[in-house]
Amino acid sequence: MIFNFQLRPYKKRNETQAIRLRFFTSANDVQYIDTKISVIKKQWDPKKQLVKKHPLEENYNSKLTELLNSVKKVYYKNEATSASRLLQVYRNSKKYNTSSFLDFYQSIVDEKKLKGEYRTAKSYKHYLDKLKMFSKLISFSDISPSWGKEYESFLRGRKNKTNTVSGNFRALHLVLNTAVKMSVIDRNPLKGFNIYSVNVEKQSLTLEEIQLIINLEIPPRFKAMVKSRDMFLFSFYTAGMRFTDMCKLKWSNIIENDIVYTMNKSKNRAGSRRTIPLNPKSMEILEKYKGRDEFFIFPPLYGYDKSPTEKVEYKIFIQNNNLNKSLKLIARDCKINKPISMHMGKHTFTDYAVKSGVGLLLISKLLGHSRIATTQYYLKDFYQEEESEALNKLFQ
C-alpha cells in the first residue's frame with residue numbers, strides 16, 4: 001500500500017486547494033481521505049509532504065502526521081487489504097466512539113430496525129436497557145471475562161433465569177463479533193465466556209384438557225377469552241401455526257381447501273412457504289370470523305392493513321401478552337394446572353401427532369421444518385412415554 005498527500009486540482013475562490021491523503025495498491029484501487037486542510041499551491045511541499053510558509057504550518061503538519069499514522073495503524077492491523085476496504089475500516093473506526101460500547105450496541109439496534117427486523121430490534125433493545133441498568137458507561141476496554149462474571153451475577157440477582165441470562169450473553173457476543181468484523185475492535189473480549197442455556201421440557205395439553213377448553217362456557221362479553229380460545233384451538237388444528245402468523249393471516253391466504261402462507265419467522269429462508277390443509281375444525285373457526293374484516297382473518301390486526309410494519313409488530317406483541325393472560329384464565333376455569341400460552345398449541349399438536357403414530361417425515365412437513373434434523377431436535381421431549389413402553393417390552 002502506498003500513502004501520500006496531494007493537492008486537489010480544484011481551486012477554491014480564495015485560490016487555496018484542499019490537501020487529501022491518497023492511498024492505493026494499483027491504478028484500479030485508489031482511495032482518498034480529505035484532511036480538512038487547504039493551502040495555496042506555493043505553501044505545499046510535495047517532496048517533503050509538508051505545509052510551508054504558512055502561519056499555521058506547525059499545526060497543519062501535526063494534523064497531517066496524526067492522520068497518516070492513524071490510517072497506517074489501521075492498515076497494519078489489516079494487512080493485505082485493498083485500499084477500498086481500508087477506507088471502509090478506517091471510517092468505521094471513526095464512526096463509532098470506541099470508548100462507548102453502549103453507543104455501538106445502540107447502532108446495532110437501529111440497524112435492525114432499518115432492516116425491518118423489529119422483533120429482533122426489540123429484543124436487543126431490552127438487553128441493552130439491562131446493560132444500562134448495570135452500568136451507564138461501558139467502554140470496549142471494560143469488557144473482559146471478569147466483567148462478564150459480574151454482569152452475570154447482576155442478572156441472576158434480578159431473578160433472571162439461566163436461559164434469560166444466556167439470551168443476554170448471546171446478544172452481547174453477536175454485537176462484539178460485529179464490532180470485530182467492522183474493525184472497531186481487534187477481537188471479542190468475551191470470547192470463551194459463555195452462559196449455556198438449559199433444556200426446558202416442552203409442555204403440552206392432553207386431548208382431555210383440549211376438550212375441557214372447547215366445552216368451557218365463556219360469556220360473550222369476555223371477548224378476549226373467546227378470541228384467545230379460538231386462536232389457540234386454531235393453532236392446534238393447523239399443525240401449530242405460530243401466533244404472529246395467525247395474526248397476519250389474510251382471507252387471501254385461503255385457497256380452496258388449503259391455507260397457503262409464508263412463515264414470518266423464516267420468511268427470508270428457503271422453504272418458508274407453508275401449505276396446511278383445512279379440516280372441519282379449522283373451517284368451523286374460520287366461518288365464525290367471516291365478514292368481520294375484509295383483509296385479516298383474526299381480530300388482533302383488524303384495521304391495520306395499511307399500518308407501517310413497526311406499528312403492526314408492536315400490536316402483535318401487545319396482543320400476544322394480553323391473549324396469553326386470557327388463556328391462563330381459561331386454564332384456571334378448566335382447572336388445568338399448566339403454564340398455558342399460545343405457543344403451547346404447537347407443542348400440543350406435536351405431542352398428539354407423535355402419540356397418534358404420525359411418521360417423522362410427515363410431522364416435519366406439517367410443522368414447516370425445512371430439515372429433518374430440526375424436527376428430531378424439536379421432538380426430543382415428546383417420546384418419553386414411548387421410550388418407557390419400548391424398554392418395558394424389551395425387558396418384560
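For the structure given in this document, a descriptive report is provided here.

## A short note on the overall build of the protein
Thought 1: When helices and strands are counted, the protein shows 15 helices and 8 strands.
Thought 2: Out of the 396 residues in the protein, the part that is buried amounts to 44%.
Thought 3: For the protein, the accessible area works out to roughly 23400 Å², and carbon and sulfur atoms hold 51% of it.

## Notes on the nonpolar core
Thought 1: Counting residues in each nonpolar core, the largest one holds 49 residues, and the members touching the most others are F232 and F234.
Thought 2: Residue assignment for this core shows that the elements contributing at least two residues are helix 7 (207-215), helix 8 (223-237), helix 9 (243-248), strand 7 (258-262), helix 10 (280-289), helix 11 (309-333), helix 12 (344-355) and helix 13 (360-367).
Thought 3: No other element matches helix 8, which puts 8 residues into this core.
Thought 4: Excluding anything up to four places from it in sequence, F234 contacts M241, M246, L249, I259, S282, I285, L286 and F298.
Thought 5: Among the nonpolar cores identified, the runner-up in size contains 30 residues, and Y124, L172, I185 and I195 belong to it.

## Comments concerning the pattern of salt bridges
Thought 1: Tallied over the full model, the rule gives 13 salt bridges.
Thought 2: Salt-bridge contacts for K125 lead to D129; the nearest nitrogen and oxygen are separated by 2.8 Å. Pair noted here: K125 and D129 are both in helix 4 (residues 118-134), with a separation of 4 residues, about one helical turn.
Thought 3: Judged by relative accessible area, which is 30%, D129 ranks as partly exposed.
Thought 4: With a shortest N-O distance of 2.9 Å, R156 and E152 are connected by a salt bridge. Here the residue R156 and the residue E152 both occupy positions in helix 5 (residues 145-157), the gap between them amounting to 4 residues, near one helical turn.
Thought 5: Among the ionic contacts, a cluster of salt bridges with common partners joins R119, K248 and E313.

## Let's talk about the packing of aromatic side chains
Between two aromatic rings, the relevant description is the distance of the centres plus the angle of the planes.
Thought 1: Applying the stated criterion across every chain, the model contains 20 aromatic pairs.
Thought 2: Look at F134 and W147: their rings are 5.8 Å apart centre to centre, the planes differ by 80°, and that puts the pair in the edge-to-face class. With a gap of 13 residues between them, F134 in helix 4 and W147 in helix 5 connect regions that are remote in the sequence.
Thought 3: Its relative accessible area of 24% is what places F134 among the partly exposed residues.

Each value, and the rule that gives it
- Residues numbered from 1 in each chain as written.
- Predicted model: local features only at pLDDT ≥ 70, side-chain atom pairs only at ≥ 80, totals over all residues.
- Heavy atoms only, no water.
- Helix = DSSP H or I, 4+ residues; strand = E, 2+ residues; numbered from the N terminus.
- Buried < 20%, exposed > 50% of the residue type's maximum accessible area, 1.4 Å probe, protein only.
- Areas by Shrake-Rupley, 256 points an atom, 1.4 Å probe, with all protein chains shown as cover.
- Core = buried A, V, L, I, M, F, W, Y, C linked by side-chain atoms within 4.5 Å.
- Contact = heavy atoms within 4.5 Å.
- Salt bridge = Lys/Arg side-chain N within 4 Å of Asp/Glu carboxyl O.
- Phe/Tyr/Trp six-rings, centres within 6.5 Å; stacked < 30°, edge-to-face > 60°.

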